[in-house]
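Observations on chain architecture
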Amino acid sequence: MSRYFTEEHEWVEVEGDIATVGITEYAQQQLGDVVFVDVPAEGKQFDKGDEAAVVESVKAASDVYSPVSGTIVEGNDVLADEPALVNTDPEGDGWFFKLELSDASELEGLMDEGAYKKYVKGL
Amino acid sequence: MTTDYIAEMLERIPDKLLPLDAWHRARGGRMVSFAGYQMPVQYEGVMAEHLWTRENAGLFDVSHMGQVLLTGEDPDGALESVVPGEIAKLPVNRMRYSLLLGDEGGILDDLMVTRRERDLYLVVNGACKYDDLAHMRETFPDEVVITLLDERALFALQGPKAAEALASLIPEVADLYFMQAGAFTFEGMSLWISRSGYTGEDGFEISLDCDHAAAFADRLCAIDSVKPIGLGARDSLRLEAGLPLYGHDLDEETSPVEGDLIFAISKRRRAEGGFAGAERVLGELADGAPRKRVGLSVEGRQPVREGAELFLGDRLVGKVTSGGFAPSLGVPIAMAMVTAGVAEIGTALEAEVRGKRIAVTVAAMPFVPHRYHRVNKT
């Protein structure tokens with residue numbers, strides 16, 4: 001199991017050919033209080049970089065992009081009733097969606113935890 | 001290829017800093033660019049700060065706003081030529097909300113006017129203050145003196161515990177009622193304090209010398225019920241209170257009648273006219289306006305934000321002018337400008353958000369009741 005990160009502050013956890021996607025601790029801090037999350041439905045297909053989910057805080061609406069290409073196997077429906085999970089556990093229970101990878105080589109372009117930490121420090 | 005040197009130069013003009021810039025940063029304020037200033041948008045979080053203000057007392061630094069004095073010969077007459085409110089009969093140390101109108105009756109800014117013993121004291125929006133000054137200078141007789149008080153800071157202390165907190169430092173403020181003001185001194189600082197604000201709560205606005213601002217803010221925040229509150233919560237509080245934000249809910253095209261601000265058009269001025277845009281404004285008072293600012297309640301949890309278009313079936317009937325999540329209510333709310341035919345409370349409409357239709361209903365404002373300390377209450 002390995003975890004990757006994007007410059008848009010998403011994390012991707014890969015197990016076999018299934019990737020779980022969420023936003024990082026840094027992203028939730030920047031967003032502030034999350035009040036609404038719209039996750040994609042099962043079966044939806046995304047290319048890398050497509051708008052896949054919406055997260056809204058008290059302050060603003062933000063898109064969550066699919067960090068890799070694939071087909072949605074599950075959206076985190078719990079977020080509909082408990083959007084604040086994104087604030088309290090962004091890199092755990094506050095995950096957004098799981099997708100089946102269509103091109104595992106795309107993962108190579110993402111950052112590992114060390115690189116992401118460095119990236120955030122430089123912001 | 002040509003270079004636009006002027007645009008480049010303008011882009012490089014840095015934001016101005018509030019007199020309390022360092023104070024905000026030291027308290028964890030996250031600073032953002034707003035109205036040409038670096039302003040604290042939040043400290044611990046918008047939701048927590050919003051709820052704190054509704055239950056305790058919040059200290060807002062609104063020093064970016066324009067504090068303007070009108071003196072010289074007949075400032076009342078000059079001001080009445082550009083606002084539809086009663087100024088001539090405004091008693092000393094009383095204030096009122098008014099609207100700076102253009103010749104076509106559109107709102108150039110909204111403002112507070114206070115009559116003081118020797119002047120009229122205006123508080124105007126930060127983003128409009130230089131335009132307001134230019135407009136007044138252009139339209140006022142030379143004998144009216146217009147002075148921008150840019151050495152004064154401005155605080156708002158808002159919430160149900162604001163009166164108790166401020167009175168613990170300055171007991172005399174307890175005698176002020178809503179929309180009354182006066183001069184006070186505290187430890188050698190001279191303060192101009194009004195019982196007013198922009199949250200729907202009881203509270204005060206405090207004008208003081210920039211050099212005293214940090215010391216006074218420290219004294220207030222040393223009180224258990226007082227915390228500094230950012231712009232984010234200021235916006236959600238005023239939205240719940242149904243108070244319009246200039247540049248969003250009101251603009252140069254919007255008339256006072258469209259803005260649902262008829263209360264700001266005083267009785268004598270309706271009868272006499274004689275203010276900029278009177279023809280349009282009085283005409284709309286008599287015959288109705290083509291559009292109206294309304295509140296919207298929103299179905300579901302997804303906020304409907306500024307710019308979202310509103311539909312009745314296939315017909316475009318308006319636009320959301322500000323919207324967001326209401327922390328005190330736990331639901332999304334919005335304000336919109338809609339055509340007059342759909343402005344009645346209870347009218348069901350749809351807002352388009354990201355290609356999706358969300359059900360909204362025209363709702364009465366304020367969304368959260370005002371709790372002002374009015375004269376007729378004890």
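Look up a bit, the structure's there.
Residues numbered from 1 in each chain as written. Chains lettered and ligands numbered in written order. Predicted model: local features only at pLDDT ≥ 70, side-chain atom pairs only at ≥ 80, totals over all residues. Heavy atoms only, no water.

The subject of this paragraph is the nonpolar core. Membership of the largest hydrophobic core comes to 45 residues, with the highest contact counts inside it found for B:Tyr97, B:Leu99, B:Leu101 and B:Ile107. If you list the elements that add at least two residues to this core, you get strand S4 (34–38) of chain A together with helix H3 (46–55), strand S6 (95–101), strand S7 (107–115), strand S8 (120–124), strand S10 (152–158), helix H8 (231–240) and helix H10 (278–287) of chain B. Ignoring any residue separated from it by four or fewer positions in sequence, one finds B:Tyr97 in contact with B:Asp110, B:Leu111, B:Met112, B:Met179, B:Pro244, B:Leu250, B:Leu261, B:Phe263 and B:Ala264. (Core = buried A, V, L, I, M, F, W, Y, C linked by side-chain atoms within 4.5 Å. Buried < 20%, exposed > 50% of the residue type's maximum accessible area, 1.4 Å probe, protein only. Helix = DSSP H or I, 4+ residues; strand = E, 2+ residues; numbered from the N terminus. Contact = heavy atoms within 4.5 Å.)

Time to look at the environment of B:Asp21. All names here are of chain B. Relative to the elements of secondary structure, Asp21 occurs in helix H2 (residues 21–26). Sequence separation of Asp21 and Pro40 is 19 residues, and the distance between their C-alpha atoms is 8.4 Å. What Asp21 contacts, discounting residues up to four positions off in sequence, is Met31 and Gln38. One polar contact links Asp21 to Arg25, side chain to side chain, over a distance of 2.7 Å. (Polar contact = N/O pair within 3.5 Å; in protein donor to acceptor, adjacent residues only side chain to side chain.)

What follows covers the interface of chain A and chain B. Opposite the 19 residues of chain A that make contact, chain B presents 14 residues. Note on chain A versus chain B: buried area summed over both sides is about 1400 Å², and carbon and sulfur give 48% of it. Three residues stand out in chain A for area buried against chain B, namely A:Val35, A:Val58 and A:Lys59, and they jointly supply 38% of the buried area on that side. Counting across the interface, chain A meets chain B through three salt bridges. (Buried area = accessible area lost by both parts, 1.4 Å probe. Salt bridge = Lys/Arg side-chain N within 4 Å of Asp/Glu carboxyl O.)

Next up on the list: H8(B). Residue and element names in this part refer to chain B. For H8, the tally of buried residues reaches nine of 10 residues, placing the bulk of the element in the interior. Listed in full, the buried residues belonging to H8 are Leu231, Gly232, Ala233, Arg234, Ser236, Leu237, Arg238, Leu239 and Glu240. Summarising the contacts, the buried residues of H8 are in contact with strand S2 (30–34), strand S3 (37–42), H3, strand S4 (57–61), strand S17 (315–326) and strand S18 (331–339). Gly242, located one to two residues past H8, shows a positive phi value of around 75 degrees.

Another point: H3(B). Buried residues dominate H3(B), accounting for seven of its 10 residues. Here H3(B) has its buried residues at B:Val46, B:Met47, B:Glu49, B:His50, B:Trp52, B:Thr53 and B:Arg54.

It is worth spelling out the sheet that holds S6(B) at this point. All names here are of chain B. Read from one edge of the open sheet, five strands run S6-S7-S8-S5-S9, paired in antiparallel fashion. Each end of this open sheet is capped by a strand with a single partner; those strands are S6 and strand S9 (144–148). Averaged over neighbouring strand pairs, the angle between their axes works out to 30 degrees when direction is ignored. Sheet topology places S7 next to S8; five bridges connect them, and they run antiparallel. Across the sheet, Leu111 pairs through a bridge with Val124, a residue of S8. (Pairing = 2+ DSSP bridges. Axes fitted to C-alpha atoms, helices over the stretch in contact; angles between N-to-C directions.)

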